[in-house]
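Here are the chains, one letter per residue:
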Amino acid sequence: NKLTDSFLGKVIGKAPAETKPKKDDTGIAHPEPIAEPALYGVIPEAEQTPIAGEVAKTSDALKPGVIFGSYRIIKKIGEGGMGKVFKASHIQLQNTVAIKVITGIVGAKEKERFLNEARLTAKLKHPGIISVHDVGSIDGIDYIAMDFIDGKSLQEIMRSQLTPRKSSEIILDVTKAVAYAHE
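Residues numbered from 1 in each chain as written. Predicted model: local features only at pLDDT ≥ 70, side-chain atom pairs only at ≥ 80, totals over all residues. Heavy atoms only, no water.

Q: Before we go on, may I ask you to explain the overall build of the protein in this structure?
A: The secondary structure content of the protein amounts to 4 helices and 8 strands. The secondary structure elements of the protein, listed N-terminal to C-terminal, are α-β-β-β-β-β-β-α-β-β-α-α. Within the protein, the proportion of its 183 residues that are buried is 25%. The long-range fraction of contacts in the protein, counting pairs at least 24 apart against all pairs at least 6 apart in sequence, stands at 40%. Only carbon and sulfur atoms are counted for the fraction: they give 56% of the accessible area of the protein, which is about 12,800 Å². (Helix = DSSP H or I, 4+ residues; strand = E, 2+ residues; numbered from the N terminus. Buried < 20%, exposed > 50% of the residue type's maximum accessible area, 1.4 Å probe, protein only. Contact = heavy atoms within 4.5 Å. Areas by Shrake-Rupley, 256 points an atom, 1.4 Å probe, with all protein chains shown as cover.)

So, in structure tokens, the structure goes:
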């Protein structure tokens, strides 16, 4: 049925077949659905333009070399219950960022929570808190672009042999950032 086709189309990236032709901006009717221009795709390193290549329809398609809006995905660096985080490069600015995307099927409540996370974090200016550079949605994939910190995760640090002094320094830094965020 149409509802199932529409739902599956959103999940797997296929639009249901249309029975009526759609008109484009010029008023010309087309027998097939009009596709949005590709905002990201797989692009050879030599020709990095944001509108060429294969179109990815889900966050599962965000792999190294894929263009996502103004960013080129370098690699996946993390995954949690609500999303994935990728190391990426801004194509024009040529700086490295982390891009967090929501994964799976989410409702309005989850999207609003994600947007609030970006808004609140963007207001914070502290050396122990990352900066948010961009937030948006591309083909239904909601994202936050933020500072990329090259180093070990807290989990990796916790697995190593920490001296009491180093543990205290980490706790103090985290405490200062949390205190600042709650002022």
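Right, picking up where we left off after that structure.
Q: Got a minute to help me understand the confidence of the model for the protein in this structure?
A: Detailed reading of predicted coordinates is not advised where the pLDDT is low. Chain-level pLDDT for the protein is 74 on average; 68% of the residues reach the 70-or-more range. Under a pLDDT of 50 for its full length, residues 1–56 has, in the predicted model, 68 contacts with residues more than four places off or in other chains. (pLDDT = per-residue confidence, 0-100.)

Q: When you look at the pattern of salt bridges in this model, what are you seeing that I'm missing?
A: Oppositely charged side chains may form a pair once their charged atoms are brought near each other. For the structure on display, the rule yields 6 salt bridges. Between Arg165 and Glu169 there is a salt bridge, and its shortest N-O distance comes to 3.5 Å. Residue Arg165 and its partner Glu169 are located together in helix 4 (residues 164–181), separated by 4 residues, close to a single helical turn. Residues participating in the shared-partner salt-bridge network are Arg165, Lys166 and Glu169. (Salt bridge = Lys/Arg side-chain N within 4 Å of Asp/Glu carboxyl O.)

Q: Which parts of the structure should I look at to understand the side chain of Lys87?
A: With respect to the helices, strands and loops of the structure, Lys87 is situated in strand 5 (residues 83–90). Here Lys87 sits buried without a salt bridge, and the closest side chain of opposite charge, Asp150, lies 5.3 Å off (N-O distance). For Lys87, the contacting residues outside a window of four places in its chain are Arg72, Ile73, Ile74, Lys75, Ile77, Thr96, Val97 and Phe148. (Lys, Arg positive; Asp, Glu negative; His and termini not counted.)

Q: Looking at this structure, I do not really get the pairing of strand 4 (residues 71–79). What am I missing?
A: For a regular strand, side chains alternate in direction, first toward one face of the sheet and then toward the other. Two elements, strand 3 (residues 67–68) and strand 4, share 2 bridges in a ladder whose sense is antiparallel. Paired with Phe68 across the bridge in strand 4 is Tyr71. Counting the residues between successive antiparallel strands, the hairpin from strand 3 to strand 4 contains 2 residues, one of them, Gly69, with a positive phi of roughly 60°. Examined bridge by bridge, strand 4 and strand 5 share 7 bridges and lie antiparallel to one another. In the sheet register, Lys76 faces strand 5, and the bridge partner there is Phe86. (Pairing = 2+ DSSP bridges.)

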